[in-house]
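Here's the letter readout for the chains.
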Amino acid sequence: MTTSRELLQARAERTQRWVGRLESTPHRRNSFMPYRPVPGGPYVDVEGERLLMMSGYSYLGLAHDPRLADAATAAMATFGTGAHGVRALAGTTPLHHELEAQVARMLGRESALVFGSGYATNVGVIGAICGPGDTVVVDKLDHASIVDGCNLSGADVVRFRHNDAEHLDRRLSALTGDGLRLVVVDSVYSMDGDIAPLPQLREVCDRHGALLMVDEAHGLGVIGATGRGIEEHFDMPGGADIKVGTLSKGIPSVGGWVVGSPELTYHLRYAARPFLFSAALPPAQTAIALEALRVLDAEPDRVTLIQQESARFRDKVREIGIDVGDSETAIVPLIIGSDEAAYDYATRCRENGVVGLPVVTPAVQPGMARLRIAITAAHNRDHIDEALGAFAAAAQAQGLAA
Ligand SMILES: Cc1ncc(COP(=O)(O)O)c(C=O)c1O
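Our subject in this report is the structure included herewith. (Residues numbered from 1 in each chain as written. Predicted model: local features only at pLDDT ≥ 70, side-chain atom pairs only at ≥ 80, totals over all residues. Heavy atoms only, no water.)

A few points about the sheet that holds strand β12 (residues 358-359)
Selection rule: For two strands to count as paired, DSSP must find a minimum of two bridges between them. Only runs of H or I of at least four residues qualify as helices and only runs of E of at least two qualify as strands under DSSP, and these elements are numbered from the N terminus. Every residue pair with non-hydrogen atoms within 4.5 Å of one another is taken to be in contact. Angles here are taken between N-to-C directions and fall from 0 to 180 degrees, while the axes themselves are lines fitted to C-alpha atoms, restricted in helices to the stretch in contact.
Read across the sheet, three strands follow the order β10-β13-β12 without closing on themselves; strand pairing throughout is antiparallel. The two strands at the open ends of the sheet, each matched to only one other strand, are β10 (331-337) and β12. In the sheet, β12 pairs with strand β13 (residues 369-374) via two bridges, with the strands oriented antiparallel. Counterpart to P358 in the pairing with β13 is L371. Running over the sheet, helix α15 (residues 339-351) touches β10, β12 and β13 and is turned about 40° from β13.

Structural notes on helix α11 (residues 262-271)
Operational definition: A 1.4 Å probe rolled over the protein chains alone gives each residue an accessible area, and that area as a share of the maximum for its type sets the label: buried under 20%, exposed over 50%, partly exposed in between. As used here, the arc is the angular range of directions from the helix axis to the C-beta atoms.
Within the sequence span of α11, burial applies to L264, T265 and L268. Down the axis, α11 shows its buried residues gathered within 90° of arc, on one side only. Counted as exposed and oriented over 90 degrees from the buried face of α11: E263, Y266 and Y270. Where α11 is buried, its residues meet β3 (111-115), α6 (118-129), β8 (242-246), β9 (256-260) and α12 (273-276).

Some points on unusual backbone geometry
In this structure, the amide linkage connecting T361 to the following residue, P362, adopts the cis form with an omega of 5°. Structurally, P362 can be placed in the loop between β12 and β13. The backbone phi angle of H84 is positive, close to 65°, even though this residue is not glycine. Tracing the backbone through its elements, the reader meets H84 in the loop between α3 (66-79) and α4 (87-91). Positive phi, normally seen in glycine, also occurs at N163, with a value near 55°. Assessed through its relative accessible area of 21%, N163 is described here as partly exposed.

Some words on the sheet that holds strand β5 (residues 156-160)
With respect to topology, seven strands assemble into an open sheet ordered β3-β9-β8-β7-β6-β4-β5, the strand pairing being mixed. Because the sheet does not close on itself, it has two edges, and the strands there are β3 and β5. Neighbour-to-neighbour, the strand axes of this sheet turn through a mean angle of 20°, independent of strand direction. Sitting on the sheet, helix α7 (residues 144-153) touches β4 (135-139), β5, β6 (181-186) and β7 (211-215), and the angle it makes with β4 is about 165°.

A few points about the packing of helix α8 (residues 165-173) against helix α9 (residues 198-208)
For clarity, the cut-off: What sets the label is the angle itself: under 35 degrees gives roughly parallel, over 145 gives roughly antiparallel, 65 to 115 gives roughly perpendicular, and the rest give oblique. The crossing is said to be left-handed when, going from far helix to near helix, the turn is anticlockwise and less than a right angle, and right-handed when the turn is clockwise. In this classification, Asp, Glu, Lys and Arg are treated as charged, Ala, Val, Leu, Ile, Met, Phe, Trp, Tyr, Cys and Pro as nonpolar, and every other residue, Gly included, as polar.
Contact geometry for α8 and α9: axes closest at 9 Å, N-to-C directions at 15°. Put simply, α8 runs roughly parallel to α9. In the packing of α8 onto α9, the handedness of the crossing is right-handed. Between α8, through A165, L168, D169, L172 and S173, and α9, the contact on the second element is made entirely by Q200, L201, V204, R207 and H208. Considering only residue class, the contact of α8 with α9 consists of five nonpolar, three polar and two charged.

Here is the structure:
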């Protein structure tokens, strides 16, 4: 009989084989760069090389802002270094209440709750709302944390074609039974940079009496005139029933949030297991998130800059002859084709001084491998032009240029 130790060994070896394929040559390894430390930004030091980072997530460019670091220091001086417990017992500080009030106010809802991560938020919210007998209907490209939340909830899970409201309509029409129906989408898709069609999704959900939940992980600070996300983008205040997001991307801390009615957050406080049974956000991270939201509120120009520069960047990339798909946001995929071609292209860009991280199968469809580029408020026009120069030269060298 195979022992548990042997079974574990076999599973670890399977992972090694899978990663080994991704990193099978120095060439692939150097463009893929998994788990390589990339401190700083927009220039990063990778193994002694100074490179321009074009694949980050810190959209608002606040990760090195001294105001955030000062807020963290002050919070630690007052409340200590850790949260000392779960929120329901010893873990709540006044900063948590302040952060929740700020999130609720900025996202146009009465109430908010802050979790330990965006992942925990999706798992906790979906699990607390849905259970056996209910159905969650998800976009095919929804983030893994949404998928995991669905699977852990015990509800039935149905997928609809990406950003296709008509297909969602058909999926909802086919459901039987009287359980709760929850439709979950990302506001901005992390590998494509396109935006969920909120008006159409809302209309379909209303017709079927379904709740609509939107994950703003890549929307907060990025879309909408002042970075408030998808409802501001479409001028549809209250367009989603439930909004969730992360505090680890545009807001450079850690944690996640949900906004909705006071009844919803009351329910989640007692029913969302990742909230109830996991330590509260540490004071420093809570203070950083709070300060970053204040900066977002006070400096909407950061959002304007991201939107203007990413539109200019997209146009220039198209001129080079590279497909950017349906991108409308700070996330701009440079779609190259095969995995090997994407690795080659990333390597060439790195040789030209620019990091563009490749995203290959199975994360994307075969033939759709890409470099996932994100324009942030830390990039000025010179940085972006430097990146465009590197992308154009690499495209020329690889025979991709128009
Ligand atoms: C759409 C989306 N939702 C949720 C998450 C998870 O957020 P966190 O990193 O805070 O756990 C991510 C992170 O990549 C994401 O892209």
